[in-house]
Amino acid sequence: MATEELQAIIQRCQILEEEDFKGEDFNLFQVAGQKCLEEGYAAEVLEVIQNEKNKVIVKSMGWNLVCPLVRCILSYKQEDEKREHCLKILDQLVQLCNPKELLLGLLEQIEQTSGEQISHTILLLLQPLQTVLLKLHSKKSYSVGLSLSTILNQLSLLPVPYTKEQIQEDKLGLCRCCNAIVDFAKPFVDEVVKNMEASTENDDEELKEELLKFCLKSLKYPLLIAQLDQLHEDIEEDPLRHFAAEILGILLDIRELLPTLFSHRGSKNQNWDHPDFLDIDKKHSADSLACLSYLVFVQYFGIDCFPMVFSPSYLLQCNMTHIEDLLENCLLRIGDNSLHHQYLEFRGFITAPQVLGCNRKKSLKILQLYIDKFDAEGKYILFRCLLKTSNHAGVEGYVIQNIKNQIDLSLKVRIFKWFTGPQLVSLLNLVLLLPEGAETDLLQNSDRIMASLNLLRYLVIKDNEYNNQTGIWTELSKIEQNFLSPLHTGLNMSKAHYEAEIKKSHNSKAVCSVTVGGEKMPNMTTEMQLQTVVFLFVCSFLPEGKCTFRVLHSALFTFDLIESVLARVEELIEVKIKTIT
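- Identification of the protein chain as Glomulin, FKBP associated protein from Chelonoidis abingdonii is taken from an unreviewed UniProt entry.

1. A few points about the overall build of the protein chain
Piece 1. Summing up its helical and strand segments, the protein chain has 25 helices and four strands in all.
Piece 2. Taking all 581 residues of the protein chain together, the buried fraction comes to 46%.
Piece 3. Of all intrachain contacts in the protein chain linking residues separated by at least 6 positions in sequence, the fraction that spans at least 24 positions is 72%.
Piece 4. With an accessible surface of roughly 30600 Å², the protein chain has 52% of that area assigned to carbon and sulfur atoms.

2. Considerations on the packing of aromatic side chains
Piece 1. What the rule picks out here adds up to eight aromatic pairs.
Piece 2. Between the aromatic rings of Phe349 and Phe374, the centroid separation amounts to 6.4 Å while the plane-to-plane angle is 80 degrees, which identifies the pairing as edge-to-face. Here the residue Phe349 occupies a position in helix α17 (residues 347–351), and Phe374 occupies one in the loop between α18 (360–373) and α19 (376–389), the gap between them amounting to 25 residues.
Piece 3. What makes Phe374 buried here is its relative accessible area of 0%.
Piece 4. Both rings, one in Tyr380 and one in Phe419, keep their centres 5.9 Å apart while their planes meet at 70 degrees; by these two values the pair is edge-to-face. Of the two residues, Tyr380 is situated in helix α19 and Phe419 in the loop between α20 (393–413) and α21 (421–431); the sequence distance between them amounts to 39 residues.
Piece 5. Looking at Tyr380, the relative accessible area reads 4%, which means it is buried.
Piece 6. Put simply, the rings of Tyr343, Phe346, Phe349, Tyr370 and Phe374 pair up and form one aromatic cluster.
Piece 7. The cationic tip of Lys404 hangs over the ring face of Tyr458; the distance from NZ or CZ to the ring centre is 5.0 Å.

3. With respect to the packing of helix α9 (residues 141–155) against helix α11 (residues 174–195)
Piece 1. Orientation of α9 relative to α11, taken along the N-to-C sense of each, is 175 degrees, at an axis distance of 11 Å. Regarding the angle of α9 to α11, the classification is roughly antiparallel. Judged by residue contacts, Val144, Ser147, Leu148, Ile151, Leu152 and Leu155 of α9 engage Leu174, Cys177, Ile181, Phe184 and Phe188 from α11.

4. Quick notes on the environment of Tyr221
Piece 1. On the secondary structure map, Tyr221 appears in the loop between α12 (202–220) and α13 (239–253).
Piece 2. Sequence spacing of Tyr221 and Ser156 is 65 residues, and the spatial spacing of their C-alpha atoms is 6.4 Å.
Piece 3. If near-sequence neighbours (up to four positions away) are discounted, Tyr221 is found in contact with Leu155, Ser156, Leu158, Pro159 and Val160.

5. Observations concerning the pattern of salt bridges
Piece 1. Per the counting criterion, the structure on display carries 15 salt bridges.
Piece 2. Here Lys35 ties to Glu5 by a salt bridge, and the two come within 3.4 Å at their closest N and O atoms. Remark: Glu5 occurs in helix α1 (residues 2–14) and Lys35 occurs in helix α2 (residues 23–38); sequence separation between them is 30 residues.
Piece 3. Residue Asp336 is joined to Lys373 by a salt bridge in which the shortest nitrogen-to-oxygen separation is 2.9 Å. With Asp336 in the loop between α16 (312–332) and α17 and Lys373 in helix α18, this pair connects stretches of sequence that are 37 residues apart.
Piece 4. For Asp336, a relative accessible area of 48% translates into the label partly exposed.

6. Section: the nonpolar core
Piece 1. Counting residues in hydrophobic clusters, the biggest one holds 94 residues, and the most contacted among them are Leu6, Leu129, Ile151, Phe184, Phe214, Leu223 and Leu295.
Piece 2. Of all the elements, α11 adds the most residues to this core, at 12 residues.
Piece 3. Not counting the four nearest positions on each side in its chain, Leu6 is found in contact with Phe29, Ala32, Gly33, Cys36, Val45 and Val48.

7. Examining the side chain of Asn402
Piece 1. Structurally, the position occupied by Asn402 is in helix α20.
Piece 2. Asn402 sits in the buried class, given a relative accessible area of 4%.
Piece 3. Excluding residues within four positions of it along the chain, Asn402 makes contact with Gln368, Ile371 and Phe383.

8. Remarks on the side chain of Asn54
Piece 1. Mapped onto the secondary structure, Asn54 falls in the loop between α3 (42–50) and α4 (55–61).
Piece 2. Reaching out from Asn54, the side chain makes a polar contact with the backbone oxygen of Val48 at a distance of 2.9 Å.
Piece 3. In contact with Asn54, other than residues within four places in its own chain, are Ile10, Gln14 and Val48.

9. Some details on the confidence of the model for the protein chain
In low-pLDDT regions, the fine details of the predicted coordinates are not to be read closely.
Piece 1. In the predicted model, the protein chain carries a mean pLDDT of 81, and the fraction of residues at 70 or more is 82%.
Piece 2. Low pLDDT, under 50, characterises residues 509–514; the stretch is placed with 21 contacts to residues that sit more than four places away or in other chains.
Piece 3. The low-confidence segment residues 542–552 (pLDDT under 50) makes 12 contacts with residues lying over four places distant or belonging to another chain.

10. Focus on α3
Piece 1. Listing the buried residues of α3 in full gives Ala42, Val45, Leu46, Val48 and Ile49. With its buried residues spanning 160 degrees around the axis, α3 presents them on a single face.
Piece 2. Each element contacted by the buried residues of α3 is listed here: α1, α2, α4 and α6 (81–96).

11. Here's the deal with the environment of Phe214
Piece 1. Considering the arrangement of structural elements, one finds Phe214 in helix α12.
Piece 2. The sequence separation of Phe214 and Ala185 amounts to 29 residues, and the corresponding C-alpha distance is 9.3 Å.
Piece 3. When near neighbours in sequence (up to four residues on either side) are disregarded, Phe214 contacts Leu148, Leu152, Ile181, Ala185, Ile247 and Ile250.

12. Looking at a nonpolar patch on the surface
Piece 1. On the surface, Leu409, Val413 and Ile415 cluster together into a nonpolar patch covering about 270 Å² of accessible area.
Piece 2. As for its position among the elements, Leu409 is in helix α20.

13. A few points about the state of the cysteines
Piece 1. Tallying each qualifying case throughout the model produces zero disulfides.
Piece 2. Distance from the sulfur of Cys175, which forms no disulfide, to the nearest cysteine sulfur (Cys178) is 6.4 Å.
Piece 3. Left unpaired, Cys177 is separated from the closest cysteine sulfur, that of Cys178, by 7.1 Å.

14. Examining unusual backbone geometry
Piece 1. With an omega dihedral of 15 degrees, the bond running from Tyr221 to Pro222 counts as a cis peptide bond.
Piece 2. Assignment of secondary structure puts Pro222 in the loop between α12 and α13.
Piece 3. Unlike most non-glycine residues, Asp170 shows phi in positive territory, near 45 degrees.
Piece 4. The buried category is assigned to Asp170, whose relative accessible area is 8%.
Piece 5. Its identity is not glycine, yet Asn391 carries a phi of approximately 55 degrees, on the positive side.
Piece 6. With respect to the helices and strands, the residue Asn391 is situated in the loop between α19 and α20.

Definitions and limits used
- In every chain, residue numbers begin from 1 and rise along the written sequence.
- With the structure being a predicted model, the display of local features is reserved for residues of pLDDT at least 70 and the display and counting of side-chain atom pairs for 80 or more, all residues being used for whole-chain, interface and lining totals.
- In computing side-chain properties, one takes all heavy atoms of the structure into account and sets aside hydrogens as well as water.
- Here a strand is any run of E in DSSP of at least two residues, a helix any run of H or I of at least four, and the numbering for each starts at the N terminus.
- For every residue, the accessible area (1.4 Å probe, protein chains only) is compared with the maximum for its type, and the residue is labelled buried under 20%, exposed over 50%, or partly exposed between those bounds.
- Whether two residues are in contact is decided by their heavy atoms, any of which lying within 4.5 Å being enough.
- The accessible surface values rely on the Shrake-Rupley method and a 1.4 Å probe; as for residues, cover is taken only from the protein chains in view.
- Aromatic pairs are defined between Phe, Tyr and Trp rings, using the six-membered ring for Trp, whenever the two ring centres lie within 6.5 Å; interplanar angles under 30 degrees are classed as stacked, those over 60 as edge-to-face, and all others as tilted.
- Criterion for a charge above a ring: Lys NZ or Arg CZ within 6 Å of the ring centre, and within 35 degrees of the ring normal.
- Angles run from 0 to 180 degrees between N-to-C directions of axes, and those axes are lines fitted to C-alpha atoms, restricted for helices to the stretch in contact.
- Angle categories: roughly parallel below 35 degrees, roughly antiparallel above 145, roughly perpendicular from 65 to 115, and oblique for all the rest.
- Here, a salt bridge means any Lys or Arg side-chain nitrogen found within 4 Å of an Asp or Glu carboxyl oxygen.
- Nonpolar core, defined: a set of buried Ala, Val, Leu, Ile, Met, Phe, Trp, Tyr and Cys residues in which side-chain atoms within 4.5 Å join the residues together.
- Any N or O atom pair separated by 3.5 Å or less is treated as a polar contact, with the protein-specific requirement of one donor-capable and one acceptor-capable atom, and with residues adjacent in sequence counted only for side-chain atom pairs.
- Confidence per residue, as judged by the predictor, is encoded in pLDDT with a range of 0 to 100.
- The arc in question is formed by the directions pointing from the helix axis toward the C-beta atoms.
- Patches were defined on residues exceeding 30% relative accessible area and lacking a salt bridge, with like-charge contacts within 9 Å and nonpolar side-chain contacts (Val, Leu, Ile, Met, Phe, Trp, Tyr) within 5 Å.
- Disulfide: a pair of cysteine sulfur atoms within 2.5 Å of each other.

This is the structure:
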């Protein structure tokens, strides 16, 4: 019988000193105790635990009962007497066991739970876990951080409720857990606040950092994707809004992050060397700070405590980064091709790409994400708008590359509506032309021109006059008139002008002076002046370390490259026409 086995191991260990306990004793105690709990003898186990003679045994071995104990508590109904016995056993273990060993046992149970049991397990163990952590006294910062991180990692597996009904039902218990974890953290926040001025102990700073990490993680999930607008007036108190207010309250209590959010993230040189951000993932921090910015400036949480020394223009500069982060985060949660084209009727969807910042790599990544989310008609409308409004050759070149990809996809899957036939011809009229005819600045528009030539080359190779699925062959005369012919003229003019300037500089040895950044440079010839100016101009667009003498002739090289692709396109067109005739 299970109870007899438990009594046998207890009697055996009562006559031993704690240091004489063997591994076999621990195993026998765990197996016998688990068997008793599973067979419904919780009252008998409680009696053993409460016996003063067994205090040393429970202190050393009791934490092994946490796993079966939690399982039994969750399986019993609220009114079941056996559940009450199990809760009393858990309370006794918290009082008697080694706190470090018990801490690991409790966290292991939280970490191993899944599905609907996640919230039940967390709500059950938060109070015992808090008591155990408080018993650690000093040097508990790491354990507090580990506990908060483990809890939030499990909560991140639960979906965030959005509707009024979902919030009220709180089926999976996320809202209850959020409010409970604030209560869990409160004594540690109070400790930091109490000792902030007087204490010089390093552990207080470490505990403060762990609480900061907890707040940042909470901002990323669940607050970043929670519906925080006050839309449900009939809900007495939105638990997620309450949680957001509590997180802001913790940040204010420990005197962290609201000013830092802007003085740090708004700087041009973001080196992430601020000590508060050590060991915190950059991407996660960016999302968290974006959410914090939203809470402060949109939902007005903590706005009364925000210092008013920052100018509106500076706050706008800082928040531009957060706009990108929030947009990217939202896009990542949307499936490709799932946004209906009618969303573009809303002004915000059309203007969204215009708020992207000056970080070219990141902005293009977000732009591609944005494009990918729309259906075919949405992509078509978006491409037209971007070509008409971007006024940026690099963006236009990127859009044209996307148009090529969509044409290729349409031809492969044989969906002939938006990127073939008349619809495509209308779009190509915006692509295959020079904005200012032959007088277009070819260097300034080189990205767009190269992308357009590559698209035209692809169409000529992929399509033929018999099928003419893209409509390109019926538009050749217009393309010649609006694009190819002006491009030839523009190339000839640009090359002739640039070559004449270089030749002129070789023939002239007149001494002149150049001023750079307000400083007068030594006397130099016109040739030296031209080379210096061109060199400095080109270097201003290049990454550090890439400035070599070869870039002095980059303009001519660009013209030659454009001319080469242009010649190839015209050659392909001529071959196709000869084949037909």
